[in-house]
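Residue-level listing of the chains:
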Amino acid sequence: MAAAGVSLAFRAVRGLPASAVGQRGARLSTGSARGFRHAASFRREHDAAADEKSTHFGFQTVPEGQKAERVYKVFESVAQKYDIMNDAMSLGIHRLWKDTLLRTMNPLPGTRLLDVAGGTGDISFRFLEYVRSQEARRRRREAQALQTPSWQEIANSYGPGAPGSKECRAVVCDINKDMLKVGQQRAKDLYYTTGLSWVVGDAEELPFDDDQFDVYTIAFGIRNLTHIDKALEEAYRVLKPGGRFLCLEFSHVSNPLLSRIYDAYSFQLIPVLGEVIAGDWKSYQYLVESIRRFPDQETFQSMIEEAGFFSVQYHNLTGGVVAIHSGFKL
Ligand SMILES: C[S@@+](CC[C@H](N)C(=O)[O-])C[C@H]1O[C@@H](n2cnc3c(N)ncnc32)[C@H](O)[C@@H]1O
């Protein structure tokens, strides 16, 4: 099942039916100023929901214990068509947003990335591509600087063991094994045979030790979680001191005209596209609704600060349709 050099580790995952992680019959448990005001009210709402043991699933209120399972079913249902739908829904713009995330990260050779809710691997593939192309450029410059290089020197400077070359590694972690399987197949098709591993795991209880990663990314994943605060704490825990948290997520559009166009587009067109392309209206309706339930840029910034991160900043892309939040563990 695994592509050469790519491993898929299955872990027990909180709150999901056994069938969801491929071990039927077993009950699963894990082995494992404005911004502040908004954050406080978001927490109050959230705490109230927790007290009543209910939360939101899109625009519906559901028992808290059901949300993870429902989200799981959404991504189980869309996994095969997920990448096509991303291009169709965003007219390809999600690629530019993801490229911007990588430019913001600007990773160096040797970086260890954890991509949580990594799905079909888009961020990790870009990460490997980015580091390797930077490395190749550096080696080309060095080879050009050699005045009369022998063929052996040129070959050495391009090889995997080239002086100064450090292997970068990405771990794609997602709760949904169907999304990961699609990602693994893509990795195989795109010849990403090294530097990549696939782990089934829950963002709220990550199956990794403390202080392991240089960068933690979560792209279009955090709004699906039941307890965002727990996921932020986990991000902080697994990052090394000096490590960086980066989140790419749908956010709030402040321009009223753009907001109206965006609402019309997302509520009226996206579920239709979901039905036509993936035969699944409901899942795409949930995805649109979940975007509207996600806290705004400043509220989310405060939540990241409350998890302990420093120098937390965000920048909007496409007028706030999405935002990149960044913070550091000191
Ligand atoms: C919209 S997809 C994003 C995939 C990928 N990051 C991308 O940008 O294309 C959201 C992903 O979050 C995953 N997810 C949802 N809840 C999760 C959880 N509790 N822990 C880890 N992943 C989760 C889903 O399985 C799905 O693959």
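If you're wondering where the values come from, they're calculated on a predicted model, not measured in any experiment.

Colleague: Even after reading the chapter, I still don't get the overall build of the protein chain, so can you show me in this structure?
Modeller: The number of helices and strands found in the protein chain is 11 helices and 10 strands. The 330 residues of the protein chain split such that 39% are buried.

Colleague: Even after reading the chapter, I still don't get the confidence of the model for the protein chain, so can you show me in this structure?
Modeller: When pLDDT drops low, the exact placement of atoms in the prediction is not to be read closely. Considering every residue of the protein chain, the mean pLDDT works out to 85; 78% of them sit at 70 or more. Considering only residues more than four positions removed or in separate chains, one finds that residues 1–6, a stretch of pLDDT under 50, has 17 contacts. With pLDDT under 50 throughout, residues 21–37 is counted as low confidence; its partners more than four residues away or in other chains account for 38 contacts.

Colleague: Can you walk me through the environment of Tyr-286 in this structure?
Modeller: In this structure, Tyr-286 sits in helix 10 (residues 281–293). Sequence separation between Tyr-286 and Gly-58 is 228 residues, and the spatial gap between their C-alpha atoms is 5.0 Å.

Colleague: Just checking my understanding: could you explain the nonpolar core for this structure?
Modeller: Counting residues in each nonpolar core, the largest one holds 73 residues, and the members touching the most others are Leu-101, Leu-114, Leu-128, Tyr-216, Phe-245 and Leu-248. Setting aside its immediate chain neighbours within four residues, Leu-128 contacts Cys-168, Ala-170, Tyr-192, Gly-195 and Leu-196.

Colleague: Explain unusual backbone geometry to me, please; I cannot follow it from the model alone.
Modeller: Among all residues except glycine, the phi angle is most often negative; among peptide bonds, the trans geometry is most common. Phi angles above zero are rare outside glycine, and Ala-117 is one such case at about 55°. Taking the number of C-beta atoms within 10 Å as the measure of exposure, Ala-117 has 26 and is therefore buried. Positioned with a positive phi, Thr-318 is a non-glycine residue whose angle comes to about 50°. Along the chain, Thr-318 turns up in the loop between strand 9 (310–317) and strand 10 (322–328). Exposure remark for Thr-318: the 15 C-beta atoms within 10 Å place this residue in the partly exposed category.

Colleague: What exactly am I supposed to notice about the site of the ligand here?
Modeller: In the region of the ligand, 21 residues are neighbours, and Ala-117, Gly-119, Asn-176, Ala-203 and Ala-219 sit closest. Secondary structure elements with two or more residues in the shell around the ligand: helix 2 (64–78) and helix 5 (122–145). Sort the elements by how many residues they give to the shell around the ligand and helix 2 lands first, with three residues. Of the residues in the shell around the ligand, the class split is 12 nonpolar, five polar and four charged.

Colleague: Looking at this model, I keep getting lost on the UniProt feature "binding site: S-adenosyl-L-methionine" (unreviewed entry) in the protein chain. Mind explaining?
Modeller: The feature "binding site: S-adenosyl-L-methionine" (unreviewed entry), as given by UniProt, occupies Thr-120, Asp-174, Asp-202 and Ala-203 in the numbering adopted here. The topology assignment puts Asp-174 in strand 5 (residues 169–174). Given 24 C-beta atoms within a 10 Å radius, Asp-174 is considered buried. For Asp-174, the contacting residues outside a window of four places in its chain are Ala-117, Gly-118, Gly-119, Met-179, Leu-180 and Val-200. Inspection of the secondary structure puts Ala-203 in the loop between strand 6 (196–200) and strand 7 (213–219). Overall, Ala-203 belongs to the buried group, with 24 C-beta atoms counted inside 10 Å. When near neighbours in sequence (up to four residues on either side) are disregarded, Ala-203 contacts Val-116, Ala-117, Ile-218, Gly-221, Leu-225, Ala-231 and Glu-234.

Colleague: Would you mind going over the packing of helix 4 (residues 93–105) against helix 5 with me for this structure?
Modeller: For any two helices packed against each other, one specifies the inter-axial angle together with the distance between the axes. Packing of helix 4 against helix 5 leaves a shortest axis separation of 10 Å and a crossing angle of 50°. Taken together, helix 4 and helix 5 sit at an angle that is classed as oblique. The crossing of helix 4 and helix 5 is right-handed. Contacts between helix 4 and helix 5 involve Lys-98, Asp-99, Leu-101 and Leu-102 from the first element and Asp-122, Ile-123, Arg-126, Phe-127 and Tyr-130 from the second.

Colleague: Just to check I follow, could you spell out helix 9 (residues 256–278) for this structure?
Modeller: Since there are 3.6 residues in each turn of an α-helix, residues three or four apart along the chain are aligned in direction. Helix length check: helix 9, at 23 residues, gives a terminal C-alpha distance of 31 Å against a target of 33 Å (1.5 Å per residue), a fit within 8%. All buried positions along helix 9 are accounted for by Ser-266, Ile-270, Pro-271 and Gly-274. Looking at the buried residues of helix 9, the elements they touch are helix 3 (82–90) and helix 10. Looking one or two residues beyond helix 9, the residue adopting positive phi is Gly-279, at roughly 65°.

Colleague: Looking at this structure, how should I read the packing of helix 9 against helix 10?
Modeller: Interaxial distance between helix 9 and helix 10 falls to 7 Å at its minimum, and their mutual angle equals 145°. Once helix 9 is placed against helix 10, the crossing between them reads as right-handed. Residues Ser-266, Phe-267, Ile-270, Pro-271, Leu-273, Gly-274 and Glu-275 of helix 9 form the contact with helix 10, whose own contacting residues are Trp-281, Ser-283, Tyr-284, Gln-285 and Val-288. Partitioning the contact of helix 9 with helix 10 into residue classes produces seven nonpolar, four polar and one charged.

Colleague: Any chance you could explain the pairing of strand 10 here in plain terms?
Modeller: One face of the sheet, then the other: side chains in a regular strand alternate in exactly this way. Counting buried positions along strand 10 gives five out of seven residues, so the element sits mostly inside the fold. Bridge analysis of strand 8 (residues 239–250) against strand 10 gives seven bridges, and the strand direction is antiparallel. Within strand 10, the residue paired with Arg-244 across the bridge is Phe-328. Pairing of strand 9 with strand 10, which is carried by six bridges, proceeds in the antiparallel orientation. In the strand pairing of strand 10, Leu-317 is matched with Val-322. If you look at the hairpin formed by strand 9 and strand 10, you'll find four residues sitting between the two strands, and Thr-318 has a positive phi there, around 50°.

Rules used in this analysis
Residues numbered from 1 in each chain as written. Predicted model: local features only at pLDDT ≥ 70, side-chain atom pairs only at ≥ 80, totals over all residues. Helix = DSSP H or I, 4+ residues; strand = E, 2+ residues; numbered from the N terminus. Buried ≥ 20, exposed ≤ 12 C-beta atoms within 10 Å, placed from the backbone. pLDDT = per-residue confidence, 0-100. Contact = placed C-beta atoms within 7 Å. Core = buried A, V, L, I, M, F, W, Y, C linked by C-beta atoms within 7 Å. Near = placed C-beta within 6 Å. Nonpolar A, V, L, I, M, F, W, Y, C, P; charged D, E, K, R; others polar. UniProt positions renumbered as here; feature names shortened; annotations may be inferred. Axes fitted to C-alpha atoms, helices over the stretch in contact; angles between N-to-C directions. Parallel < 35°, antiparallel > 145°, perpendicular 65-115°, else oblique. Left-handed = near helix turned anticlockwise from the far one by under 90°. Expected span 1.5 Å × (residues − 1). Pairing = 2+ DSSP bridges.

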